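# Understanding the architecture of this molecule
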Amino acid sequence: MNVSVVGSGYVGTTIAACFADLGHDVTAIDIDEEIVARLNDGHAPIHEPGLDDLLAEHAGERLRATTDYDAITDGDVTFLALPTPSREDGSIDASIIEAGARSVGEALAGGERDHLVVVKSTVIPGTTEERLVPAIEEGAGERVGDRIRVGMNPEFLREGSAVTDFLEPDKVVLGANDDWSHERLRAVFEPLIERADPAVVETRIREAEMIKYANNAFLASKISLINELGNICKEFDVDAYRVADAIGLDDRIEARFLRSGVGWGGSCFPKDVAALIAAAREAGYEPQLLEATVGVNDRQPERMLDLLDAHVDPAGRRIAVLGLAFKPGTDDVRNSRAIPAIEGLQRRGAKVVAYDPVATENMREHFPDVEYADSAAAALEGAHGALVVTDWDEFAALDEEFEAMAEPVVIDGRRIVEPREGLVYEGLTW
C-alpha cells in the first residue's frame, strides 16, 4: 500500500521506517527541510536503536521524505504523527495536529481516490471526531465519511525499544466508526499481523483514543504504587525488591514494573497522566488515584536527596549525578528524574558534576552551568557523594572508580550498583 506519515519526530520516524520494512511504499512528510534531508540520506533525526539500520536499508527505495503535503494525494492511508504538547494545566494542545489535519484535507481536496486518515498521535477521547474531522473537512471542502474516512491507531512505543515494540507488539488497536475504515486499517497492518501474531483489538475511535491513556495511566500508577510500598519498606528495614519478587508471582499482579526506585519520566507517562487528569476534571470528575500517582512520583527525587543529606552536607561539595536520560537506551531527558535531582542539589549549594553515555548535550540545554564529565570515573573522582539516577548497564560494572571519591557515599535510585565494603550505600526504597 501507499502509506504517508505526517510528522517525523520520534513516533513518525519509527512508524515510517517500520511500515517500509513491512513492504509498504512510505512517504514521510515534515516541514523541517533538514529532517527531510536526513531521512532521505538514511539517517534518523533521533537516537533510537535499530532505526538507522532500517532507514539505511529503505531510504530512497520504499521510504522517501518530503516537505510537500501533496505527496499524499495518490496514497491509500495517511498517519498523523504530530505533537500534542502539554499546556500548563496538563491539558493537551491540539493546535499542531489540527493544522496538520487541515493540510491533509487541502492535499486531498478534489481527489477521486478513497483515502483513510489515521490519527497516530495521543489525543483525549473526542478529539478526533470533534476537532480533527472538522479540520480535515475545512481543508478538503467536503464531508468526512464519503471519500475521505478517519481512523485512530494509538502507539505503544517505548523509547530505546521503539522498533522492536512496533515490529513485535503485544497488541494492535484499530479504531474506526465504519466497516470500510476498519478493513483498510487491517490491510495496512496485515503484514505485521502475519509476521508477529499480536492481539488485534477493533474498537470505535473514542475507545482507541482512551486505550493509550488507560495503558500509560495504569503503568504509571503501578510504578508509583511499588515506589510507595518501597518507601514503607525502607522505614521498616525491609528489602523492597524481595517483597516485589514475591508479590510478582501472583498472576493478578505480574512481575514487570515492580522495580521500585526514583520514579518515571519521559515524554509519555507525565504528559498522558496529566492530560487525563485535566480532561477528567473538565468533565466533572476528580481523579484522586491518578493525582496520588503523580504526587508519589514527584516526591521520589527529593527522598533521594534526603538520604544524601543524612550522610553528607552537599553545600560546597562535589556531588556526582550518574545518568541523565529518563531511561537507559535513549538520549531523551524530558521529565528525567535527574532534572529535579540536580535542581535539589543546586538549592543545597552543591557543585554538581554529571555524566550520561548519550544524553549530556540534551541535558546541557537545561543546565548549561553544570560540569559534565566524559565518563562515570571522571564524575566520581573527588566527589563527596553520588546519585545514581538512570540504570545504564555500565554503572553496574563500577568498582574501583568509587575509591577515587573523597567520600564514598552512593545513593542508588535504580538498584544498579552493587553494595560493597568501603562504600556507604543507600538504596532509595531498600
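Presented here is an overview of the structure given in this document. Per chain, residues are indexed from 1 in the order of the written sequence. In keeping with the predicted nature of the model, local features appear solely for residues at pLDDT of at least 70, side-chain atom pairs appear and are counted solely at 80 or more, and the whole-chain, interface and lining totals rest on all residues. With hydrogens and water stripped out, all remaining heavy atoms of the structure feed into the side-chain values.

Further remarks concern helix H4 (residues 95-108). For H4, which comprises 14 residues, the first-to-last C-alpha distance of 20 Å matches the rise-based estimate of 20 Å (1.5 Å per residue) to within 8%. Among the residues making up H4, those that are buried are Ile97, Glu98, Gly100, Ala101, Val104, Gly105, Ala107 and Leu108. Where H4 is buried, its residues contact strand S1 (2-6), strand S4 (77-80), strand S5 (115-119), helix H5 (127-140) and strand S6 (148-152). A run of H or I in DSSP becomes a helix once it reaches four residues, and a run of E becomes a strand once it reaches two; helices and strands are each numbered from the N terminus. To estimate how far a helix should reach, multiply one less than its number of residues by 1.5 Å. The buried label applies to any residue whose accessible area, calculated with a 1.4 Å probe on protein chains only, is under 20% of its type's maximum; exposed applies above 50%, and partly exposed to all values in between. When checking whether two residues touch, look at their non-hydrogen atoms; a contact exists if any pair is within 4.5 Å.

Taken in spatial order, the eight strands of this open sheet run S3-S2-S1-S4-S5-S6-S7-S8, and their pairing is mixed. One side of each edge strand has no neighbouring strand; the edge strands of this open sheet are strand S3 (63-66) and strand S8 (199-203). Put simply, the sheet's adjacent strands are angled 25° from each other on average, direction ignored. Strand direction decides the pairing type here: S1 and S4, joined by four bridges, are parallel. Residue Val3 lies in a different strand from S4, and its bridge partner there is Val77. Axis definition: a line fit to C-alpha positions, over the contact stretch in the case of helices; interaxial angles, taken between N-to-C directions, run 0 to 180 degrees. Sitting on the sheet, helix H7 (residues 179-196) is in contact with S4, S5, S6, strand S7 (171-176) and S8, with an inclination near 160° to S7. Each pair of strands is called paired provided DSSP finds at least two bridges between the two strands.

It is worth spelling out the nonpolar core at this point. Side chains of a nonpolar character, in soluble globular proteins, are inclined to be buried together. To qualify as a nonpolar core, a set must consist of buried Ala, Val, Leu, Ile, Met, Phe, Trp, Tyr and Cys residues joined through side-chain atoms within 4.5 Å. One finds Val321, Leu322, Leu324, Leu345, Leu387 and Phe395 to be the most contacted residues of the largest nonpolar core, which totals 52 residues. At the level of elements, helix H11 (288-309), strand S9 (318-322), helix H12 (338-347), strand S10 (351-355), helix H14 (376-380), strand S12 (385-388) and strand S13 (409-412) are the ones that each hand at least two residues to this core. Here this core gets five residues from one element, more than from any other, and that element is H12. For Leu387, the contacting residues outside a window of four places in its chain are Met304, Leu305, Leu308, Ala320, Val321, Leu322, Ala341, Leu345 and Ile411.

Negative phi characterises most residues that are not glycine, and trans characterises most peptide bonds. Even without being a glycine, Asn335 presents a positive backbone phi close to 55°. For Asn335, a relative accessible area of 37% gives the class partly exposed. If you check the backbone angles, Arg415 has positive phi at about 50° while not being a glycine. Counting through the fold element by element, Arg415 comes out in the loop between S13 and strand S14 (424-427). Take Arg415: its relative accessible area is 29%, and that puts it in the partly exposed class.

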